[in-house]
Amino acid sequence: MNNWDLIEKANQKLTENNNSEAFKLYASFLDEQNEGWKKVFLGEIHDQLSTLDLNIVFTGFNADLLLLTETKDKDDADRGYIIYLVNFLVVTEEGEAESERFEKILQNKAEVELILEEVLPNDRDIEVKNMIIAGDGENPFVEHNKQCIMNDHIRFAMLEDFQLIDLLPADELDMVSSDFFDFAHSLTVYLQPDDFRKKLEKENSNDAQIEDISPTDFLKFIDHLKPIFSTEPKLSNIFGLSLNMVYINQNNVAPFDIASYFLKSVYEDVLNDKRVEVIRYRFNEIESASDFSSFLEEQRWKIVVIENLEYQLNAERLMQLDVSKTDLVQILCDFLERNTKNIFILSLNKTEWEKQETLNPLLRVCFQHIFHFKQYNENHLLNYFKNNLKKKHYSISQDAKDLAKDYFHFLNRQLAPRQFQPILSTMLSREVRYYNAVSANEQQFLDEKWITKIDVMDAIKDEYSLEKGRPLNEIMLNLDQLVGLESVKQSIKEYAAFVKMTKLRKSDDEVSLNAIFSGNPGTGKTTVASILGEIYKSIGVLSKGHVVTVKRHDIVDQFIGYTARNMKNFIDQARGGILFIDEAYALYKKDNERDFGQEAIDTLVAEMENIKDSTCVILAGYPDLMANFLNSNPGLSSRFPHYLRFTDYDDTALSQIFYKMVESADYQLDNSAITILNTFFARITKEKTKHFGNARECRNLFEKLKLIHASRIIYSEEISTQNLQLIRKEDVEKLIRSYFKSTNNYEKPRRVGFM
């Protein structure tokens with residue numbers, strides 16, 4: 001256990017009211033630091049705290065401990081806090097020993113006061129004071145520091161007659177709240193030696209997380225620049241270097257944070273220059289070429305992160321933009337040719353970068369440093385999860401680690417890359433600590449607090465289930481039981497076998513799950529999609545297998561940006577399952593250039609690269625209209641390699657579907673009714689129009705037949721079990737008359753005689 005761990009563990013014991021164990025751990029720390037002489041001071045503090053309601057926090061280096069008190073006025077209205085920086089000193093008879101440390105004590109006080117000003121609201125009443133407990137040489141020391149003691153800058157006592165109750169006024173003898181104790185605990189980081197503090201701050205910052213997803217060439221690039229920046233005093237010379245960069249990612253990184261990390265890493269001193277800052281600029285929000293040019297000209301000593309090149313410009317969608325995206329990229333390149341006052345960073349996905357690089361080769365000249373950032377994976381988040389628990393002095397069992405990793409794997413498949421971030425590990429660590437505390441089992445009283453598999457299960461039970469989906473052979477049996485669709489069923493079986501084989505072989509072959517379902521209404525497209533989701537979940541390529549069904553009216557909005565937002569929301573809802581866009585052809589309206597349907601298509605195309613390993617997208621609609629739709633959007637066709645044609649049901653299939661509905665609802669048809677229905681289905685399939693509903697037609701017919709049957713039984717027949725179930729010829733005849741009448745196909749009886 002290192003020195004910092006000893007201090008942290010000692011403070012943890014204080015929060016558990018285990019003061020004896022806390023002081024033992026801190027005494028061990030003093031021995032490690034060769035400062036065993038302080039243990040006599042520590043013992044005196046321990047003895048006196050047993051009779052006083054006061055809080056302390058161990059610090060260990062630039063102060064020995066913090067003494068926390070809460071003050072209040074007579075009316076108990078105004079409350080405040082005092083933080084005493086307590087230091088143990090040995091003073092010689094000359095009174096000059098520890099003089100350097102004495103100066104450091106005063107400096108620490110000023111630094112803590114500065115920290116409080118920066119991190120706390122103005123209305124928080126917190127005062128910082130020094131307390132020194134000295135051994136030997138009282139008179140010379142008091143005389144030497146008389147002014148500080150008289151001005152109450154230092155509470156001072158000699159060890160031999162030291163009494164805390166005499167050093168503190170009566171109104172300062174209150175325990176502080178747990179929140180303030182936690183805050184004071186966080187201050188201990190700032191009271192460590194500079195080199196250790198920087199290391200600790202880095203471990204607790206997001207720098208380590210950024211490094212986890214940073215490519216090696218990016219980190220080497222920073223290392224090469226450090227000596228240049230450290231010796232170059234002029235900003236103009238630094239920014240005059242060719243340092244423009246491209247961050248290629250799948251929207252899984254925060255480019256602003258990476259740019260800030262870059263700046264801090266290569267030239268930390270520049271952070272003190274108020275002129276230098278990292279700023280964000282969203283490319284898709286450009287309203288005109290002149291505005292973009294003005295923005296570029298206004299920047300000086302900035303690191304400019306340009307985002308959202310993947311998306312269509314809002315002004316272009318409204319036909320209010322005087323130039324194209326390609327022209328704007330050219331304006332940027334022309335500016336960079338003469339710019340020596342800024343560093344520009346493009347953040348975009350690989351597909352868009354290759355597209356823009358092809359359209360404008362000058363981009364590759366202007367942006368010579370190209371870095372491909374990785375995505376966070378379940379191993380990253382598992383490590384952050386374990387570290388978060390370790391900081392709070394928890395140990396975690398192996399089966400709990402395994403379950404946490406499975407959970408992160410599930411989230412990685414389900415969430416968008418921009419959502420799969422380290423914050424998930426932080427939230428899970430908090431949840432499991434909560435459930436560990438609630439369980440109140442015997443493990444709480446052990447020296448090490450253990451997180452178990454049960455704690456993790458309780459924390460994730462609302463989002464993740466250990467139960468697996470149905471077996472593949474059972475799902476395939478459901479597929480086989482569908483009426484008709486023989487070619488569709490065969491295609492699904494073949495591709496499911498290929499996907500499973502690829503997974504078993506752990507092949508690097510890219511497998512696309514996306515498909516086009518082409519067919520008229522009621523041909524089983526949504527039913528097959530639901531079964532397909534279960535198949536892919538059983539195989540293990542989809543984490544949830546659910547289906548999110550949407551149409552044009554769900555996606556397309558009348559305001560700028562809302563359509564893209566809606567599409568992204570539905571994509572997020574479908575993570576781990578299937579996004580089923582019914583009547584997808586309706587998104588594209590060729591004769592209306594201002595229609596926002598194209599924005600939905602552009603957004604889908606841009607996002608599909610991000611979800612290719614976690615989500616299946618199915619576009620469905622009428623055959624002819626889907627063919628025209630795909631021909632008009634060539635970028636879509638290449639992303640949907642599987643085309644399934646759902647043909648109309650013939651009369652035999654429709655009869656089977658109808659009879660299955662009757663049977664599943666616990667009804668029976670007499671023989672004459674069946675004969676009439678067979679003839680009826682043969683006729684309607686022969687005379688059908690393009691709007692014919694297929695199986696949907698059967699559903700509507702059966703719902704109408706149930707109403708006819710119910711009316712006959714309730715109003716004219718004796719109610720019996722047989723009558724409640726049996727559908728007769730007369731019911732079916734009435735249904736058929738009603739059907740042809742409603743479809744204008746009913747043959748009216750001819751009149752005899754003159755009109």
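This is a predicted model, so every value here is computed, not measured.

A.B. asks: I'm lost on the overall build of the chain in this one. Help?
C.D. replies: When helices and strands are tallied, the chain shows 35 helices and 19 strands. Taken over 755 residues, the chain has a buried fraction of 48%. Long-range contacts, defined as pairs at least 24 residues apart, comprise 74% of the intrachain contacts of the chain with a sequence gap of at least 6. With the model as given, the accessible surface of the chain reaches about 38,800 Å², and the carbon-plus-sulfur share is 47%.

A.B. asks: Mind showing me how you'd approach the nonpolar core here?
C.D. replies: If you look at soluble globular proteins, the nonpolar side chains tend to sit buried side by side. Residues Leu513, Phe517, Tyr536, Phe658, Phe680 and Phe681 are the most contacted members of the largest nonpolar core, which totals 58 residues. Here this core gets seven residues from one element, more than from any other, and that element is helix 25 (residues 525-539). Those residues in contact with Phe517 that sit more than four places away from it in its chain are Lys525, Val528, Ala529, Leu532, Phe580, Ile618, Leu619, Ala620, Gly621, Leu644 and Phe646. Judged by nonpolar contacts, the second largest core, of 54 residues, contains Tyr261, Val276, Phe371 and Leu389.

A.B. asks: Got a minute to help me understand helix 2 (residues 19-32) in this structure?
C.D. replies: Along an α-helix, a turn takes 3.6 residues, which lines up residues three or four apart on a common side. Counted at 1.5 Å a residue, the expected span for helix 2 with its 14 residues is 20 Å, and the 20 Å between its end C-alpha atoms agrees. By the burial criterion, the buried members of helix 2 are Ala22, Phe23, Leu25, Tyr26, Ala27, Phe29 and Leu30.

A.B. asks: Is there a simple way to explain the packing of aromatic side chains in this structure?
C.D. replies: Working definition: an aromatic ring pair is given by the centre-to-centre distance plus the angle between the planes. One pass over the full model with this rule turns up 31 aromatic pairs. Relative to Phe58, the ring of Tyr26 lies with its centre 4.2 Å away and its plane at 15 degrees, an arrangement referred to as stacked. With Tyr26 in helix 2 and Phe58 in strand 1 (residues 55-58), this residue pair connects regions lying 32 residues apart in the sequence. Accessibility assignment for this pair places Tyr26 and Phe58 in one class, buried. Centroid distance Tyr407 to Phe408: 5.8 Å. Interplanar angle 45 degrees. Geometry classified as tilted. By the ring-pair criterion, three or more aromatic residues cluster together here, those being Phe658, Tyr659, Tyr667, Phe680, Phe681, Phe702, Tyr739 and Phe740.

A.B. asks: In this structure, what is going on with the pairing of strand 13 (residues 515-519)? I would like to understand it.
C.D. replies: If a strand is regular, its side chains alternate between the two faces of the sheet. Judged by how many residues are buried, strand 13 sits mostly within the fold: five of five residues are covered. In terms of strand pairing, strand 13 meets strand 16 (residues 616-621) through four bridges, oriented parallel. Looking across to strand 16, one finds that Phe517 is bridged to Ala620. Direction of pairing for strand 13 relative to strand 17 (residues 642-646): parallel, over a ladder of five bridges. Across the sheet, Ile516 pairs through a bridge with Tyr643, a residue of strand 17.

A.B. asks: Whenever I open this one, the side chain of Lys109 confuses me. Can you help?
C.D. replies: Following the sequence through the fold, Lys109 ends up in helix 4 (residues 99-119). For Lys109, a relative accessible area of 15% corresponds to the buried category. Not counting the four nearest positions on each side in its chain, Lys109 is found in contact with Leu85, Val128, Lys129 and Asn130.

A.B. asks: Even after reading the chapter, I still don't get the packing of helix 23 (residues 472-480) against helix 24 (residues 486-505), so can you show me in this structure?
C.D. replies: Helix-helix packing: each pair is described by the crossing angle between the helix axes and the interaxial distance. Running from amino to carboxyl end, helix 23 crosses helix 24 at an angle of 165 degrees, the nearest separation of the two axes being 10 Å. By the angle between their axes, helix 23 is roughly antiparallel relative to helix 24. Once helix 23 is placed against helix 24, the crossing between them reads as right-handed. Residues Leu472, Met476, Leu479 and Asp480 of helix 23 form the contact with helix 24, whose own contacting residues are Lys489, Ile492, Lys493, Ala496 and Lys500. Class assignment for the residues of the contact of helix 23 with helix 24 results in five nonpolar, no polar and four charged.

A.B. asks: Would you mind going over the sheet that holds strand 10 (residues 369-372) with me for this structure?
C.D. replies: Whenever strands of a sheet pair, they do so through backbone hydrogen bonds, lying parallel or antiparallel. Taken in spatial order, the five strands of this open sheet run 7-8-9-6-10, and their pairing is parallel. The sheet is open, and its two borders are formed by strand 7 (277-282) and strand 10, each paired with just one other strand. For this sheet, the mean angle separating the axes of adjacent strands, direction not counted, is 20 degrees. Bridge count between strand 7 and strand 8 (residues 302-307): six bridges; the pairing is parallel. The residue bridging Arg280 from the neighbouring strand is Val305, located in strand 8. Along the sheet, helix 11 (residues 216-231) contacts strand 6 (245-248) and strand 10; its crossing angle with strand 10, the most-contacted strand, is approximately 135 degrees.

A.B. asks: What is the right way to look at the sheet that holds strand 14 (residues 547-550) in this model?
C.D. replies: Here five strands make up an open sheet; going across it, the order is 14-15-16-13-17 and the pairing parallel. Pairing within the sheet leaves two strands with one partner each, and these edge strands are strand 14 and strand 17. Direction aside, the axes of adjacent strands within the sheet are offset by 20 degrees on average. Its contacts with the sheet put helix 29 (residues 623-632) on strand 13, strand 16 and strand 17, and the angle it makes with strand 16 is roughly 125 degrees.

A.B. asks: Any chance you could explain helix 29 here in plain terms?
C.D. replies: Among all positions in helix 29, only Pro623, Met626, Phe629 and Leu630 are buried. Each buried residue of helix 29 lies within a common arc of 125 degrees when the element is viewed along its axis, so the set occupies one face. Away from the buried face of helix 29 by more than 90 degrees, exposed residues Asp624 and Asn631 are located.

A.B. asks: Sorry if this is basic, but what is going on with the packing of helix 24 against helix 25 here?
C.D. replies: Where helix 24 meets helix 25, the closest approach of the two axes is 10 Å, and the angle between their N-to-C directions is 20 degrees. On the basis of their axis angle, the class for helix 24 and helix 25 is roughly parallel. Considering only the axes of helix 24 and helix 25, their crossing is right-handed. Together, Val488, Ile492, Tyr495, Ala496, Val499, Lys500 and Lys503 of helix 24 and Val528, Leu532, Ile535, Tyr536 and Ile539 of helix 25 make up the contact between the two elements. Classifying every residue of the contact of helix 24 with helix 25 gives ten nonpolar, no polar and two charged.

A.B. asks: So what exactly am I meant to see when it comes to a nonpolar patch on the surface here?
C.D. replies: Residues Ile714, Tyr715, Ile719 and Leu724 make up a contiguous nonpolar surface patch of roughly 490 Å² in combined accessible area. For Ile719, the position within the fold is in the loop between helix 33 (695-716) and helix 34 (721-725).

A.B. asks: I keep staring at the environment of Val528 and nothing clicks. Help me out?
C.D. replies: Of note, Val528 is situated in helix 25. Using a relative accessible area of 1% as the deciding quantity, one classes Val528 as buried. As a C-alpha pair, Val528 and Phe517 span eleven residues in sequence and 9.6 Å in three-dimensional space. Aside from chain neighbours lying at most four places away, what touches Val528 is Leu482, Leu485, Val488, Ile492, Phe517 and Phe646.

Parameters and conventions
Residues numbered from 1 in each chain as written. Predicted model: local features only at pLDDT ≥ 70, side-chain atom pairs only at ≥ 80, totals over all residues. Heavy atoms only, no water. Helix = DSSP H or I, 4+ residues; strand = E, 2+ residues; numbered from the N terminus. Buried < 20%, exposed > 50% of the residue type's maximum accessible area, 1.4 Å probe, protein only. Contact = heavy atoms within 4.5 Å. Areas by Shrake-Rupley, 256 points an atom, 1.4 Å probe, with all protein chains shown as cover. Core = buried A, V, L, I, M, F, W, Y, C linked by side-chain atoms within 4.5 Å. Expected span 1.5 Å × (residues − 1). Phe/Tyr/Trp six-rings, centres within 6.5 Å; stacked < 30°, edge-to-face > 60°. Pairing = 2+ DSSP bridges. Axes fitted to C-alpha atoms, helices over the stretch in contact; angles between N-to-C directions. Parallel < 35°, antiparallel > 145°, perpendicular 65-115°, else oblique. Left-handed = near helix turned anticlockwise from the far one by under 90°. Nonpolar A, V, L, I, M, F, W, Y, C, P; charged D, E, K, R; others polar. Arc of directions from axis to C-beta. Patch = residues over 30% accessible without salt bridge, like charges linked within 9 Å, V, L, I, M, F, W, Y side chains within 5 Å. Salt bridge = Lys/Arg side-chain N within 4 Å of Asp/Glu carboxyl O.

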